[in-house]
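Each chain, letter by letter, is given below.
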Amino acid sequence: MDLLRRTLEALDWDFVLGALASHARTRPGAVAARALMPMTAVHEVTRVFDAVDELRTLRELHVGSPPLQQIDDIGPLLEAAARGQVLELDELVRAAIVVVALAELARFFALGGENAPTLARIARGISVDPALARTLDAAFDGSGRLSQQTYPQLAELRGRIEALEKRIRRELDTLLAGSELDDVLQDRFVSVRGDRFVVPIRAQAKNLGLGIVHDASRTGQTVYIEPNAVVPLGNERRMAEAALAAEEQRILRALSALVGEHAHALVRSIDAAVEIDLIQARGALALRLRATRPVLSNGGDVRLLAARHPILVFEGIDVVSNDLVVDATLPVLVLTGPNAGGKTIALKTIGLCAALVRIGCFVPADEGSKMSVFKQVLADIGDQQTVHGGLSSFSGHLTTLHAMLECAGEGTLLLLDEVASGTDPSQGGALARALLERFADVGARTVVTTHYAQVKAMSAADKRVAVAAMEYADEKPTYRVVAGMAGESHALSAALNVGLDARLIERARALMDEGERALHDALSELEEERERSSSLRRRLESLTSELEVREAKLAEREARVAEGARKLEREAAHKMIERARAAEREIGRVVADLQKAPSHKAAEQAREVVGDLRKAVPVEASAVADEESAASALPIAVGDRVRIVKLGSLGDVTAVSGKRLEVRIGSMTTRVKRDEVEKVGGPSKTGTVRQPLRAQRKLPVPPRELALAVRYDANTCDLRGERVVDALRKLDDFLDQAVLAGHDYIFVLHGHGTNAVKQAVRDALRDSPYIGEYAPAEGEQGGDAFTAASLVG
């Protein structure tokens with residue numbers, strides 16, 4: 001018995017490989033996908049995962065996809081050329097297309113390799129001699145013929161043949177238009193027979209010496225002759241065609257020899273291109289399955305979060321996701337519950353995810369999932385009864401279990417559907433329990449489905465065993481896995497649901513052993529209680545979510561109201577200040593007039609004007625003006641913290657010269673007047689503007705508004721290709737300029753790479769006094785290759 005073959009059949013592995021092959025973009029890539037062999041080392045799988053991630057990065061950076069479409073399997077042609085065989089014209093055209101495509105693929109990764117180091121290393125296996133690519137590319141024209149531009153001697157010969165053909169046709173047209181052949185012509189048209197130009201005449205005239213007979217009609221009534229007048233031209237044409245064929249054969253021989261010289265390098269290059277195609281096929285399949293990259297280990301851990309059966313997802317079925325865990329602490333997972341409740345689907349989900357990882361594919365589960373790279377994945381799923389083999393169902397299972405016992409050990413994942421079923425439940429349950437204990441003893445990871453009560457109860461006695469139930473609510477399965485709970489089989493409920501008589505079901509219940517009936521009732525009550533608890537929990541979660549939304553909306557509304565009030569206060573205050581200053585100017589004018597022409601009447605008029613102006617300026621405006629004057633009148637010294645009013649930016653005073661100051665903002669120093677700044681604090685401890693003065697900030701922008709920000713060139717800092725130190729220096733300068741430019745939002749393009757620059761950028765944004773909120777950019781903003789942030793200045 002081939003246990004591996006049975007495992008692959010049980011997991012529908014051919015379907016999975018076919019799905020992967022359907023996403024290949026080359027024929028050899030599709031063939032290779034169907035023949036993929038599993039990897040057993042973490043570093044091998046990690047290398048493939050890195051390459052898949054890099055391909056996604058290239059897409060996000062709008063670099064494009066690798067040009068693979070023209071890559072084809074020309075191995076047999078290359079072998080023939082290497083043996084010295086002359087390739088046919090169409091074979092050389094195929095070879096030329098592939099060679100040019102390989103050269104283009106190598107150039108693609110040479111230009112974009114800095115963002116995809118793993119892919120670039122694979123692409124270095126593509127070795128195409130530039131002279132070979134140029135020669136083959138120039139050798140053929142768009143119609144697949146040898147190019148006349150590259151080989152002018154062909155143009156001469158082809159032109160000569162074409163001219164002879166025109167002369168022959170003119171001669172024949174003249175002959176047909178005349179009366180010389182009127183008595184013998186069967187019809188008036190020119191045809192070609194045996195590559196010679198002929199006209200149809202009556203069969204009776206074939207011996208009249210009018211020309212050379214080349215063919216006859218099926219009825220024998222018509223013969224096709226080449227008139228004597230054009231025979232010399234026809235011969236000359238044939239000689240020119242022979243010369244052309246000889247020249248073309250010479251060129252094909254030379255091209256074949258050139259291809260043969262590079263055959264081995266081209267075979268290796270095609271292999272590298274196929275490997276790249278398999279990587280893009282894995283990425284495309286991951287998108288189709290909404291799959292994520294799991295954390296890898298070789299310790300036998302399986303922790304799948306919201307896992308979905310990959311085949312069901314591929315077929316577009318709305319799959320119920322489940323968390324599934326098997327690890328060193330709990331190496332045995334027992335799945336229980338009703339028939340058709342989803343136990344086998346959950347079992348296969350674990351097996352397929354493990355198998356996908358072994359061929360370098362992501363798993364259909366949420367971020368944070370973990371999967372070990374198992375050395376073996378073995379399954380006993382389905383009935384193995386055979387008549388010709390003399391095996392009953394139970395005997396077939398025993399044969400498989402015996403083979404599994406010989407293979408089981410560390411690094412092995414075993415999948416057992418209805419373990420040890422098909423025999424007496426008491427003995428079958430005992431055997432199943434003994435098998436699971438042995439599998440745990442030797443370090444294997446085991447997932448089983450069962451209806452045996454003994455196996456369901458194992459978790460109470462053996463701390464290495466975890467039990468889970470398939471949820472059953474409202475008399476039907478929900479396909480959800482409930483950890484830590486043994487599930488009832490619900491055989492009687494299922495029988496009632498398919499229409500069996502209720503009295504018969506009641507009789508069956510009465511015939512149950514008292515202990516079995518009590519266990520059945522207890523499990524049913526427990527499931528009902530669990531369903532009530534789950535319903536209450538879901539209701540509580542829904543209410544909590546609604547409350548959080550309402551609180552967020554209320555906080556947002558309060559923030560808008562508060563900001564509006566502050567804005568109105570600032571506008572009113574500034575208006576009052578302007579009115580007060582206008583009043584001061586008017587008073588000054590009146591006083592000046594009084595000084596020029598002092599008189600009792602003028603003094604009285606001046607008092608009236610001043611009184612009117614004082615009434616026009618409210619006390620609050622005077623208070624605001626006094627406050628501003630006080631702030632601007634505070635003594636300022638080197639090192640003091642100030643705000644430049646017209647810019648709204650904070651800086652440190654670096655020099656004081658009378659009424660002029662030098663203020664440093666980031667890496668920029670500016671000169672301002674004393675009355676253009678406000679003192680906001682004494683000397684900072686570090687003497688730089690990088691102290692996070694949170695009290696001076698505006699309210700941060702809510703994250704949902706950040707997600708709506710629009711990215712354009714002026715508000716984007718491109719750090720691709722920079723080292724961490726240089727990237728942070730460039731980011732510093734960019735933030736200074738962004739603040740001065742008045743941007744509300746900025747974006748930083750750092751790519752993925754080793755994540756070093758990305759992490760350093762996000763740490764810097766977190767600590768920057770200019771930044772309110774920051775987060776990875778949304779998909780339409782460029783995705784995780786960018787970080788978006790709001791400026792608070």
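Just above sits the structure.
Here, residues in each chain are numbered from 1, in the same order as that chain's written sequence. Note on the predicted model: pLDDT of at least 70 is required for a residue's local features to be given, and 80 or more for side-chain atom pairs to be given and counted; whole-chain, interface and lining totals, by contrast, use all residues. Here the side-chain values reflect all heavy atoms present in the structure, with hydrogen atoms and water set aside.

**Regarding the overall build of the chain**
Stage number 1. The secondary structure content of the chain amounts to 25 helices and 23 strands.
Stage number 2. Counting the 793 residues in the chain, one finds 43% classified as buried.
Stage number 3. Taking contacts inside the chain between residues at least 6 apart in sequence as the whole, the part at least 24 apart equals 68%.
Stage number 4. Accessible surface, the chain as shown: approximately 41,600 Å² in total, 53% of it carbon and sulfur. Here a strand is any run of E in DSSP of at least two residues, a helix any run of H or I of at least four, and the numbering for each starts at the N terminus. The rule is simple: take the accessible area with a 1.4 Å probe, protein chains only, and divide by the maximum for that residue type; under 20% is buried, over 50% is exposed, in between is partly exposed. Whether two residues are in contact is decided by their heavy atoms: any pair within 4.5 Å suffices. With residues, only the protein chains shown are counted as cover, and all accessible areas are computed by Shrake-Rupley using a 1.4 Å probe.

**With respect to the sheet that holds strand β1 (residues 191-193)**
Stage number 1. Strands are treated as partners if at least two bridges between them are detected by DSSP. The strand order across the open sheet built from four strands is β1-β2-β4-β3, with neighbouring strands paired in antiparallel fashion. Looking at the sheet topology across the chains shown, the edges are occupied by β1 and β3 (211-216). The mean angle between the axes of side-by-side strands here comes to 50°, regardless of whether they run parallel or antiparallel.
Stage number 2. Bridge count between β1 and strand β2 (residues 196-202): three bridges; the pairing is antiparallel. Its bridge partner being in β2, Arg193 is matched across the sheet by Arg196.
Stage number 3. Running over the sheet, helix α9 (residues 152-177) touches β2 and β4 (222-227) and is turned about 15° from β2.
Stage number 4. For helices, the fitted line uses only the C-alpha atoms of the stretch in contact; every axis is such a line through C-alpha atoms, and the angle between N-to-C directions lies from 0 to 180 degrees. Docked against the sheet, helix α10 (residues 231-261) engages β2, β3 and β4, running at close to 145° with respect to β2.

**Quick look at helix α1 (residues 3-10)**
Because each turn of an α-helix spans 3.6 residues, side chains separated by three or four positions in sequence point in the same direction.
Stage number 1. Buried residues of α1: Leu3, Arg6, Thr7 and Ala10, and no others. Along the long axis of α1, the arc covered by the buried residues comes to 105°, so they all point the same way.
Stage number 2. Side-chain atoms alone can form a polar contact between residues adjacent in sequence; in general such a contact is a pair of N or O atoms within 3.5 Å, and within protein one must be able to donate a hydrogen while the other accepts it. Where α1 begins, one side-chain oxygen reaches toward the backbone nitrogen of Leu4, 3.3 Å away; that side chain belongs to Asp2.
Stage number 3. Following α1 by one or two positions, Asp12 adopts a phi angle in the positive range, close to 55°. Note that the arc is defined by the directions from the helix axis to the C-beta atoms.

**Considerations on helix α2 (residues 13-21)**
Stage number 1. Of all nine residues making up α2, seven are buried, and the element is well covered by its neighbours.
Stage number 2. Those residues of α2 that fall on the buried side of the exposure criterion are Trp13, Val16, Leu17, Gly18, Ala19, Leu20 and Ala21.
Stage number 3. Against the buried residues of α2 lie α1, α3 (27-34), α11 (263-289), α12 (310-314) and α13 (343-358).

**A look at the side chain of Ser191**
Stage number 1. Here Ser191 lies in strand β1.
Stage number 2. Side-chain polar atoms of Ser191 contact the side chain of Arg193, separated by 2.7 Å.
Stage number 3. The residues contacting Ser191, other than those within four sequence positions of it, are Arg196, Phe197 and Val198.

**What to know about the pattern of salt bridges**
Stage number 1. Salt bridge, as used here, is a side-chain nitrogen of Lys or Arg placed within 4 Å of a carboxyl oxygen of Asp or Glu. All chains considered together, the criterion is met by 37 salt bridges.
Stage number 2. Glu241 is paired through a salt bridge with Arg238; the nearest N and O atoms lie 3.7 Å apart. Here Glu241 and its partner Arg238 are both found in helix α10, three residues apart, which amounts to about one turn of the helix.
Stage number 3. The residue Arg766 makes a salt bridge to Asp767 at a minimum N-O spacing of 3.2 Å.
Stage number 4. Residue Asp767 is classed as partly exposed on the basis of its relative accessible area, which comes to 44%.
Stage number 5. By sharing partners, the salt bridges in this structure join Glu165, Asp195, Arg237, Arg238 and Glu241 into a single network.

**Here's the deal with the packing of aromatic side chains**
Stage number 1. Each aromatic pair joins two rings of Phe, Tyr and Trp (for Trp, the six-membered one) with centres within 6.5 Å, and gets the label stacked for planes under 30 degrees apart, edge-to-face for over 60, and tilted for any other angle. Within the structure shown, the criterion is met by three aromatic pairs.
Stage number 2. Arranged with centres 5.0 Å apart and planes meeting at 85°, the rings of Phe49 and Phe362 form a pair that is edge-to-face. Taken together, the residues span a long stretch of sequence, with Phe49 in helix α4 (residues 42-60) and Phe362 in the loop between α13 and β9 (370-372) at a distance of 313 residues.
Stage number 3. Here Phe108 and Phe109 contribute two aromatic rings whose centre-to-centre distance is 5.0 Å and whose plane-to-plane angle is 85°, an arrangement assigned as edge-to-face. The burial state of Phe108 is the same as that of Phe109; both residues are buried.
Stage number 4. Lysine and arginine charges are scored as sitting over a ring when NZ or CZ, respectively, is within 6 Å of the ring centre and within 35 degrees of the ring normal. Arg288 extends its terminal NZ or CZ atom over the ring of Phe314, reaching a point 4.1 Å from the ring centre.
Stage number 5. Looking at Arg711, its charged tip hangs above the ring of Phe786, at a distance of 4.0 Å from the centre.

**Notes on the packing of helix α5 (residues 75-82) against α10**
Stage number 1. The contact between α5 and α10 brings their axes to 7 Å, and the two run at 105°. With respect to α10, the axis of α5 lies roughly perpendicular. In contact with Leu78, Ala81 and Ala82 of α5, α10 contributes Ser256, Val259 and Gly260.
Stage number 2. When residues are sorted by character, Ala, Val, Leu, Ile, Met, Phe, Trp, Tyr, Cys and Pro go into the nonpolar class, Asp, Glu, Lys and Arg into the charged class, and all the rest, Gly among them, into the polar class. The residue inventory of the contact of α5 with α10, partitioned by class, reads four nonpolar, two polar and no charged. Throughout, the term roughly parallel applies to angles under 35 degrees, roughly antiparallel to angles over 145, roughly perpendicular to angles from 65 to 115, and oblique to all others.

**So, the side chain of Arg158**
Stage number 1. Mapping Arg158 onto the fold places it in helix α9.
Stage number 2. A polar atom in the side chain of Arg158 sits 3.1 Å from the side chain of Glu248.

**Section: the pairing of strand β8 (residues 332-336)**
Across a regular strand the side chains alternate sides, sitting on one face of the sheet and then on the other.
Stage number 1. Most of β8 sits out of view: five of its five residues are buried.
Stage number 2. Every second residue of β8 is oriented toward a common face, with Val332, Val334 and Thr336 on one face and Leu333 and Leu335 on the other, all of them buried.
Stage number 3. Where β8 meets strand β12 (residues 445-449), four bridges bridge the pair, whose relative direction is parallel. Looking at β12, one finds that Val332 is bridged to Thr446.
Stage number 4. Pairing geometry for β8 and strand β13 (residues 465-473), over five bridges, is parallel. Across the sheet, Leu335 pairs through a bridge with Ala468, a residue of β13.

**Details of the sheet that holds strand β23 (residues 786-791)**
Stage number 1. One open sheet holds the four strands; their spatial order is β20-β21-β23-β22, and the pairing between them is mixed. One side of each edge strand has no neighbouring strand; the edge strands of this open sheet are β20 (716-718) and β22 (771-776). Sheet twist, expressed as the mean angle between neighbouring strand axes with direction ignored, is 20°.
Stage number 2. Along the sheet face, helix α25 (residues 756-767) touches β21 (745-749), β22 and β23 and points at about 155° away from the line of β22.

**As for the pairing of β21**
Stage number 1. Counting buried positions along β21 yields four of five residues, so the element is predominantly enclosed.
Stage number 2. Where β20 lies against β21, three bridges are found, and the strand directions are parallel. Bridging from a neighbouring strand, Cys717 pairs with Val748 of β21.
Stage number 3. Two elements, β21 and β23, share five bridges in a ladder whose sense is antiparallel. Bridging across to β23, Leu749 finds its partner in Phe786.

The values are spatial; any link to function lies outside them.
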